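Descriptive structure summary
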Amino acid sequence: MATEFDVIVIGGGPAGYPCAIRAGQNKLSVACIDEWQNRDGTYAFGGTCLNAGCIPSKALLESSELFHRAQTEFAAHGIGTGAVSMDVNAMQARKGKIVKQSTMGILALFKSAGVTPLQGHGKLLSGGRVEFTGKDGAKSLLSAKHIVLASGSTPMPLKNVPFDGSQIVDSWGALDFTEVPKKLGVIGAGVIGLELGSVWRRLGAEVIVLEALDKFLPIADQAVAKEAARHFQKQGLDIRLGAKVTGCEKAKDGVMLQFTDAKGAQTVVVEKVVVAIGRRPYTAELLGEGTGVELDERGFINVDHDCRTSVPNVWAIGDVVRGPMLAHKGKEEGVVVADAIAGKAGEVNYNLVPSVIYTAPEIAWVGLTEEQAKESGRAYKVGAFPFMASGRARAMEAANGFCKIVADKDSDEILGVHVIGPMAGELIAEAVLAMEYSASTEDLQRTMHAHPTLSEAMHEAALNADKLAIDIPNR
Ligand SMILES: Cc1cc2nc3c(=O)[nH]c(=O)nc-3n(C[C@H](O)[C@H](O)[C@H](O)COP(=O)(O)OP(=O)(O)OC[C@H]3O[C@@H](n4cnc5c(N)ncnc54)[C@H](O)[C@@H]3O)c2cc1C
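Residues numbered from 1 in each chain as written. Predicted model: local features only at pLDDT ≥ 70, side-chain atom pairs only at ≥ 80, totals over all residues. Heavy atoms only, no water.

**Section: the pattern of salt bridges**
Pairing between side chains of opposite charge can happen when the charged atoms of each approach one another. Summed over all chains, the structure comprises 22 salt bridges. Ionic pairing is found between Arg 39 and Asp 176, a salt bridge with its closest N-O pair at 2.7 Å. Taken as a pair, Arg 39 in the loop between β2 (30-34) and α2 (47-52) and Asp 176 in the loop between α5 (171-174) and β8 (183-187) lie far apart in primary sequence, 137 residues in all. Two residues, Asp 176 and Lys 95, come together in a salt bridge whose shortest N-O distance is 2.6 Å. Taken together, the positions of Asp 176 in the loop between α5 and β8 and Lys 95 in helix α4 (residues 88-113) put the pair 81 residues apart, joining distant regions of the chain. Given the relative accessible area of 26%, Asp 176 is considered partly exposed. If you follow the salt bridges from partner to partner, you end up with Arg 39, Lys 95 and Asp 176 in one network. (Salt bridge = Lys/Arg side-chain N within 4 Å of Asp/Glu carboxyl O. Helix = DSSP H or I, 4+ residues; strand = E, 2+ residues; numbered from the N terminus. Buried < 20%, exposed > 50% of the residue type's maximum accessible area, 1.4 Å probe, protein only.)

**Some points on the sheet that holds strand β7 (residues 168-169)**
One open sheet holds the five strands; their spatial order is β7-β14-β8-β9-β10, and the pairing between them is parallel. Unpaired on one side and paired on the other, β7 and β10 (237-240) mark the two borders of the sheet. Note: β7 against strand β14 (residues 272-275), two bridges, orientation parallel. Residue pairing for β14: Val 169 is matched across the bridge by Val 274. (Pairing = 2+ DSSP bridges.)

**Structural notes on a nonpolar patch on the surface**
Together, Val 191, Ile 192 and Ile 219 make up an exposed nonpolar region whose accessible area comes to about 230 Å². Structurally, Ile 192 is set in helix α6 (residues 191-202). You can call Ile 192 partly exposed: its relative accessible area is 37%. (Patch = residues over 30% accessible without salt bridge, like charges linked within 9 Å, V, L, I, M, F, W, Y side chains within 5 Å. Areas by Shrake-Rupley, 256 points an atom, 1.4 Å probe, with all protein chains shown as cover.)

**Regarding the pairing of strand β3 (residues 115-125)**
Burial analysis of β3 places nine of its 11 residues in the buried class, which makes it a mostly covered element. The sheet contact formed by β2 and β3 spans five bridges and is parallel. Residue Cys 32 lies in a different strand from β3, and its bridge partner there is Pro 117. As judged from the six bridges shared by β3 and strand β4 (residues 129-134), these two strands associate in the antiparallel manner. Residue Leu 124 lies in a different strand from β4, and its bridge partner there is Val 130. In textbook terms, the turn of a hairpin is the stretch between consecutive antiparallel strands, and for β3 and β4 this stretch comprises three residues, one of which, Gly 127, has a positive phi near 70°.

This is how it looks when you write it as structure tokens:
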């Protein structure tokens, strides 16, 4: 085994593995160390995202959404199915297959880019050295000109409701249920809590979501948050705001959660609990003595705008550094760092990190919310278009939600785009591209959009910003 490299990446999640691949593409010698172990003890690249996050959650969201639509929508198309049933084990097996295909694919990508995969633990030592502990426990000393830390994050525990791995679980546990719980308690109405709550609700669980904050989806544009709350309520997600969980007790048929809200002290008994209150950076056994890598007060590795740590030639990317904990943000950082190491130019545009919530309707946004535009004190204008007026959305039986554009009133530059509706996560890509090129609403207005497509909603919202929409009365 080679022990000297140009680059060693510690962590093979969606930040680390693209960094290693780009380093290989840049003709640098590179090793990627990853210690992820699945429940059966097998090692797998891909980190949280591929093994226990983005990919398995989207697999279950797709299955549960199809199940739900078969029950509620097919009849409108004239399709009779008889009684629709769900085999949870088959659904889980499909998910497992998709995860495996994705994680094994990384090994093939490493091979084609010349990346050395090392499965085991990596620990940064001083002087450009890394201690690698292999699967068999054997230790070896590696060295590299540049070291990239991409160790990711782990679920935040809740002191009063400790994980027990069966009744009280984290997001990974909630992706692996083998039966639909009769009643599910979700602590946290963030992106992960809403997605997982949606999966099990659609499959028949009674779902109560307890959220400590008084405001629903405070990070989203509030018109979108309001629309989302209405749909989730209709779907039967019982979302309680201002509900602070204070403790739990094992009950006969599950767990009794204690919480306080505006009405005072309350309890609810649920079969299973998912704690989804956020994630925290993971740096356990990552930094050896005297490396000089600084952490901030919340445990994130301190980096500058370009992902340089406090130590020359040591970089850090992904969930373990500041910024939104999103796979695509980590991927961009990984690629930019690998290019910077090779002497190429590049920069992550942190103002244009798209956010997506894969519920139904889907929610996606980029840039400033209307509230943020207002707070900034600038003059702004808003254009919006409801999917109810989109022929394609109606044909899809998915005419819910809207597309909204916030733009600077004077320069016409697009400041933010917010979509709630069918395929919002796909539609937002147009907005990101437009904003990356500082597009104005007029640029979008003058761009032809195919008919009938959902993307026409973006076009019409841009037109509506100047009261020029064709397919709705302008207000
Ligand atoms: C349920 C769920 C759904 C999500 N859905 C989405 C989504 O739809 N879209 C999205 O953008 N994001 C989503 N996320 C977030 C996304 O998974 C993370 O932002 C992303 O995985 C972070 O990538 P990363 O490479 O920084 O870290 P990770 O994916 O956590 O990978 C870090 C890797 O490093 C390994 N490692 C850590 N320390 C060491 C060490 N010392 N030695 C060797 N290996 C080490 C870990 O084992 C792991 O394999 C979701 C997360 C969850 C939990």
